[in-house]
Amino acid sequence: MSAQPGMAAAEREWKRFTPEQRFLRFGFFFFVVAAVVWSLKTIQVIPEFLYDAPEQVKDFFERMWPMDTAYYAKSVHAALIETLNIATLGTLLCMVFALPIGMMAARNLVPFWPLNVFAKFLLVATRSVNTLVWALLFIAIFGPGALAGTLAIAFRSIGFVGKLFGEALEEAQKGPIEALTATGAPKASVFIKGYWPQVMPAFWSIALFRWDINVRESAVLGLVGAGGIGMAMDAAMNLFRWDQVAVVLATVFVVVIIAEVVVTVIRKRLI
Amino acid sequence: MPAASPRVAFPPNWPARIGWLVLAAYVVWATAQLDFTWERFVSGIDNGSRFLSRMFPPAFGADKVEMIVKGLTESLQITFIATVLGIALSLPIGLMAARNLMPAWVVWPARTLIAVSRSFHEVVVAIIFVKAVGFGAMAGIGALVVGSIGFVAKLFAEAIEEISPKQVEAVRATGASFMSVVLFGVLPQVFSRFLGFATYQFDSNLRHSTMIGIVGAGGIGGTLFAAFQRFDYDFVCAILISIIVLIMIGEIISNFVRALFSENLSVIEWFRRKAPERRDKAVAVVEG
Amino acid sequence: MTMTDRSIEIRRLTKEYTRGVPVLKGIDLTIKGEGITAIIGPSGTGKSTLIRCINRLIDPTSGEILFQGKNLAALQGAELRAARRKIGMVFQEYNLVERLTVMENVLTGRLGYMSAFDAWLRRFTKTDIEEAFQLLDAVGLAAFANQRADSLSGGQRQRVGIARALMQHPDLLLADEPTSSLDPKTSVEIMEIMAEMAGKRNIPVIVNIHNVELAKRFCQRMIGMTGGKVVFDGAPSALTESDLKAIYGGQDWLH
């Protein structure tokens, strides 16, 4: 077999990366390893707690089972409805803010860069503060309860929805917009008839996606006193009623799965 | 066509109209449940202004800075360990959950694990871990690892399900073993997306690592929550500013890592790309 | 080096994707261990299925495929992989791993010979790399070694596909419509390269092809299939218009 037609070519080297790439990659992996080693060394690991863990977990599940199903009707159901209201109202409220800010952030729609930068700053700011922190802030203002939770969900979501909506606007096709502008349509009409039909599916789909996330997020708001199913969980935990906690966890699991399925189905019909 | 009926250019869209009505009715009902009153709003404005005035100037005294640094350091450590561990576990779990590569008896356990990990917020998982391994960073790491699996493994599995089977077929045809097919036929197709998920998860873990302290799972969240409860609002403000700065630095780092691996950019190219015209640059800086 | 037997024998091969609807209806073929054999026939007649049954990208329903003392149709696991690495394949849409470089794609041909761990670290032997360079020289693409496969044109990709298949040191080369996605000039070039490189190495080639003229020009034997059966088998010169009518049906297209 003559697989090698006797070429006298000097031995050629084949390397996957250039030296610089290799250096950077090596540097990255070195950094990761160093960071993990440093973290493991300084973090407080109490071995006794770790040895104990399997037993604790076993104990934990034993206390959870059987579930106190009566707790559902007593406290969980009302709290669940509140959670869903917080998530839904919060998402709707967020859209009221996210729509104009997202538009302001889109460079093709608002060709004035200081406004773009300002809008993007607002979006980053609301995203950078965690929902729980927003909740704590609103509790400090309006007192504990679902109101603080709703506002927290709304404010945290503005950045998310606004950013994605702004990006969708920037990706809108130029053709229809130029055509409308050419007819001499006023700017508002150009937006309503040119941009909106293009980005509407994206907008609703983003909002639904965020609603799905918000259902999950609103379940923990109660831990800091901002209403919803987390309150029921907190109450049960404070009394060490793990069989009741289990009911709450099971409810959250089922609701989150249902929300995800609902969102998937609606999005499929939207797109 | 009925003779006399006038033609309508825009027929009324009844399902949409009914949808809007139902939505409006829901909003009215749900808002009523919040028991939001005018007095509450007025006192809220009042509280809010007092609250804001107490937040400024933020308290950056030496003792406070020490507490912030300690808390943030722990958050960062939790993030590092949880991200590395979470991603290392997500790779095989995501692969097992891909229906186009694996038999059903492997897929379903993996998908169930992912669904359970995804359903609970990191803070809820942290509570369970606090119970299992006690207060502190260990619990936080556990919680974030679970969260990472829920996110990265799920998206990884979905990315694998969308790959081109032709490229995989070609590698199989060379007689490569299953692992080699995965390495040469599957991973190259999903690598850049996986990198996106992984770096996003790093950012996400960093955010959550600053929160899980609220339930005693380590990091700066504990300090923050305590400051809230003491109405120590200028310290709260200082902590929040520090957290935001840390998160933004984190995002810059993950953008760099993405560029390094997926686009094989050199450092010079990266900086060159980061210096476009003035307007874009300003936007890019704000975006972190 | 003694030549291993490179002939292949197919016996009563059938394939049903849905039960009771056979795509291949008992194919019997013996193909000598040299030269190019072209399979022609209308779309959907089972040509691709036949080729894919040989290296078992598709599992046949029944029948035998005898190659080097083994029944390919019955192989499993490691034995199947060992057989596959001796059978190179060139695909219609090239099927290169687009995000890997040209070099990595060519070296993919060695995966059957190395551990996954070495493959992961890209620890190919010096001889493998040198041979890959020589193959790229032969197809005129050495300068592209470090480019990503998706930056190449169709003809260039198919050349890489051929190099990848030859990198396996195959005893048989399968080509499934290797020119169907290419323009006429490039098609001829690809067939030339394949014929020349396989000929030099004494590798028999089985090629599915739509273009009858191209098939006649390069192959030594033609097999005409229609409706899952072989209806013509002989030298290209023996292929008459009435044979073509039998294979493709109708006659308007002939003139």
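Note that the structure is a prediction, hence the values are computed from the model and not measured.

How each quantity is defined
Every chain is numbered on its own, with residues counted from 1 as its sequence reads. To label them, take the chains in the order written and letter them from A, then take the ligands in the order written and number them from 1. In keeping with the predicted nature of the model, local features appear solely for residues at pLDDT of at least 70, side-chain atom pairs appear and are counted solely at 80 or more, and the whole-chain, interface and lining totals rest on all residues. Think of it this way: any DSSP run of H or I at least four residues long counts as a helix, any run of E at least two long counts as a strand, and we number them from the N terminus. What the globule rule says is 2.2 Å times the number of residues to the power 0.38, and the radius of gyration is computed from C-alpha atoms. Burial is judged by counting other C-beta atoms within 10 Å of a residue's own C-beta: 20 or more means buried, 12 or fewer means exposed, and anything between counts as partly exposed, with every C-beta placed from the backbone. For the purpose of contact definition, each residue receives a C-beta atom placed from its backbone, and two residues are in contact when these atoms lie within 7 Å. Strand pairing is defined by DSSP finding a minimum of two bridges between the two strands. Throughout, an axis means a line fitted to C-alpha atoms (over the contacting stretch in the case of helices), and angles, computed between N-to-C directions, take values from 0 to 180 degrees. Each residue receives one of three labels: charged for Asp, Glu, Lys and Arg, nonpolar for Ala, Val, Leu, Ile, Met, Phe, Trp, Tyr, Cys and Pro, and polar for the others, Gly being one of them. The nonpolar core criterion groups buried Ala, Val, Leu, Ile, Met, Phe, Trp, Tyr and Cys residues into a set whenever they are joined through C-beta atoms within 7 Å. Should an angle fall under 35 degrees it is taken as roughly parallel, and over 145 as roughly antiparallel, whereas 65 to 115 is taken as roughly perpendicular and any remaining angle as oblique. Handedness of each helix crossing follows the sense of rotation of the near helix against the far helix: counterclockwise by less than a right angle gives left-handed, clockwise gives right-handed. Orient the strands so they point away from the viewer; a crossover is then right-handed if the path from the first strand over the helix to the second runs clockwise. Predictor confidence is given residue by residue as pLDDT, running from a minimum of 0 to a maximum of 100. An expected span of 1.5 Å times one less than the residue number is assigned to each helix. What the arc measures is the spread of directions leading from the helix axis to the C-beta atoms.

Student: Explanation requested: the overall build of chain A in the structure shown.
Tutor: A tally of regular secondary structure across chain A gives ten helices and zero strands. Secondary structure elements of chain A occur, N-terminal to C-terminal, as α-α-α-α-α-α-α-α-α-α. By the compact-globule yardstick of 18 Å for 271 residues, chain A is too spread out, its C-alpha radius of gyration being 27 Å. When its C-alpha atoms are laid out on the principal axes, chain A stretches across 75 × 70 × 40 Å. The burial tally for chain A puts 40% of its 271 residues in the buried class. Within chain A, counting contacts between residues at least 6 apart in sequence, those at least 24 apart form 73% of the total.

Student: Help me out: how do you make sense of the overall build of chain C in this one?
Tutor: A count of helices and strands for chain C gives nine helices and ten strands. Against the 2.2 N^0.38 benchmark of 18 Å for 255 residues, chain C shows a C-alpha radius of gyration of 18 Å, consistent with a compact globule. Principal axes of the C-alpha set define a box for chain C whose edges measure 55 × 40 × 40 Å. Here chain C holds 255 residues, and 44% of them are scored as buried. Pairs at least 24 residues apart make up 69% of the contacts formed inside chain C by residues separated by at least 6 positions.

Student: For this particular structure, what's the right way to read the sheet that holds strand β1 (residues 8–18) of chain C?
Tutor: Within a sheet, adjacent strands bond to each other through the backbone by hydrogen bonds, running parallel or antiparallel. Residues and elements named next belong to chain C. Taken together, the four strands give an open sheet; going across it, the order is β2-β1-β4-β5, and neighbouring strands pair in antiparallel fashion. Of all the strands in the sheet, the pair left with one neighbour each is β2 (21–31) and β5 (70–71). Against the sheet, helix α1 (residues 47–54) contacts β1, β2 and β4 (62–67), and its axis sits at roughly 60 degrees relative to β2.

Student: I keep staring at the interface of chain B and chain A and nothing clicks. Help me out?
Tutor: Where interface size is given, it is often the accessible area lost as the parts come together that is meant. At the junction of the two partners, chain B supplies 47 residues and chain A supplies 52 residues. Looking at the side of chain B that touches chain A, the elements with two or more residues in it are α1 (14–33), α2 (38–55), α3 (62–96), α4 (104–119), α5 (122–133), α6 (137–161), α10 (233–262) and α12 (278–287) of chain B. Tallied by class, residues from the side of chain B that touches chain A come to 29 nonpolar, 13 polar and five charged.

Student: Which parts of the structure should I look at to understand the sheet that holds strand β8 (residues 205–208) of chain C?
Tutor: Residues and elements named next belong to chain C. Within the open sheet, the six strands sit side by side as β6-β7-β8-β3-β9-β10. Their pairing is mixed. Of all the strands in the sheet, just β6 (87–90) and β10 (229–234) have a single pairing partner and so form its edges. The sheet shows a mean angle of 20 degrees between the axes of neighbouring strands, direction not considered. Against the sheet, helix α9 (residues 241–248) touches β3 (36–40), β9 (221–226) and β10, its axis set at about 160 degrees to β10.

Student: What is the right way to look at the nonpolar core in this model?
Tutor: Grouped burial of nonpolar side chains is what soluble globular proteins tend to show. If you look at the biggest cluster of nonpolar residues, it comprises 221 residues, and the most contacted ones within it are A135 of chain A together with A126 of chain B. Here A126 of chain B is in contact with A139, G140, A143, I212, V215 and A217 of chain B, once residues within four sequence places are set aside.

Student: Explanation requested: the environment of V224 of chain A in the structure shown.
Tutor: Topologically, V224 of chain A is positioned in the loop between α8 (187–221) and α9 (229–238). Since 26 C-beta atoms lie within 10 Å of it, V224 of chain A is described here as buried. As a C-alpha pair, V224 of chain A and A135 of chain A span 89 residues in sequence and 7.5 Å in three-dimensional space. Apart from residues no more than four positions distant in its own chain, V224 of chain A is found in contact with L132, A135, L136 and I139 of chain A together with I214 of chain B.

Student: In this structure, what is going on with the pairing of β6 of chain C? I would like to understand it.
Tutor: Along a regular strand, successive side chains alternate from one face of the sheet to the other. All names here are of chain C. Neither face of β6 is open: one carries I87 and M89, the other G88 and V90, and all of them are buried. Judged from the four bridges that link them, β6 and strand β7 (residues 172–176) form a sheet pairing that is parallel. The residue bridging G88 from the neighbouring strand is L173, located in β7.

Student: Would you take a moment to explain the packing of helix α4 (residues 113–128) of chain A against helix α6 (residues 146–170) of chain A for this structure?
Tutor: Packed helices, taken two at a time, are described by their axes: the angle between them and the distance between them. Residues and elements named next belong to chain A. Their axes nearest at 7 Å, the elements α4 and α6 cross at an angle of 135 degrees. The angle between the axes of α4 and α6 places the two elements in the oblique class. Read as a crossing pair, α4 and α6 show a hand that is left-handed. When α4 is examined against α6, the residues L123, V124, T126 and R127 are found in contact with a partner set consisting of F155, R156, I158, G159, F160, G162 and K163. A breakdown of the residues in the contact of α4 with α6 according to their chemical character gives five nonpolar, three polar and three charged.

Student: Is there a simple way to think about the pairing of β8 of chain C in this case?
Tutor: All names here are of chain C. In β8, alternate side chains face the same way, and those of V205 and V207 on one face and I206 and N208 on the other are all buried. As defined by bridge partners, β3 adjoins β8 across four bridges and the pair is classed as parallel. Counted as the bridge partner of A38 is V207 from β8. One ladder, built from four bridges, connects β7 with β8; its direction is parallel. Considered in β8, the bridge of L174 is made with I206. The β-α-β motif built from β7, the intervening helix α7 (residues 184–200) and the parallel element β8 has right-handed crossover chirality.

Student: Whenever I open this one, the confidence of the model for chain C confuses me. Can you help?
Tutor: Parts of the prediction with low pLDDT should not have their coordinates interpreted in detail. In this model, chain C carries a mean pLDDT of 89, and residues with pLDDT of at least 70 account for 97%. The complex prediction reports pTM at 0.79, with the ipTM value standing at 0.88.

Student: Which parts of the structure should I look at to understand the environment of L115 of chain A?
Tutor: Residues and elements named next belong to chain A. Counting through the fold element by element, L115 comes out in helix α4. Classification of L115 as partly exposed rests on a count of 14 C-beta atoms within 10 Å. Between the alpha carbons of L115 and A105 there is a distance of 7.1 Å; along the sequence they are ten residues apart. Residue contacts for L115: discarding those within four places in its chain leaves M104 and V110.

Student: Please explain unusual backbone geometry as it appears in this structure.
Tutor: What is expected of a backbone is that most residues other than glycine have negative phi and most peptide bonds are trans. At the junction of F56 of chain B and P57 of chain B, the peptide bond is cis and its omega measures out at -5 degrees in the coordinates. Looking at the element boundaries, P57 of chain B is found in the loop between α2 and α3. Phi at Y94 of chain C takes a positive value of approximately 65 degrees, unusual for a residue other than glycine. Along the polypeptide, Y94 of chain C turns up in the loop between β6 and α3 (102–107).

Student: Help me understand the environment of R110 of chain C, please; the structure alone is not making it clear to me.
Tutor: All names here are of chain C. Counting through the fold element by element, R110 comes out in the loop between α3 and α4 (116–120). For R110 and G69, which are 41 residues apart along the polypeptide, the C-alpha to C-alpha distance reads 23 Å. Once you skip the residues sitting within four places of it in the chain, R110 turns out to touch F124, D128 and M167.

Student: Would you mind showing me how to read α7 of chain C here?
Tutor: All names here are of chain C. Helix length check: α7, at 17 residues, gives a terminal C-alpha distance of 24 Å against a target of 24 Å (1.5 Å per residue), a fit within 8%. For α7, the complete set of buried residues consists of S187, I190, M191, M194, M197 and A198. Projected down its long axis, α7 carries its buried residues within an arc of 145 degrees, all on one side. Turned more than 90 degrees away from the buried face of α7, the exposed residues are K185, E192 and E196. For α7, the secondary structure elements touched by its buried residues are α5 (126–138), α6 (154–167), β7, β8 and α8 (212–218). After α7 finishes, the residue N202 shows a positive phi value of roughly 55 degrees.

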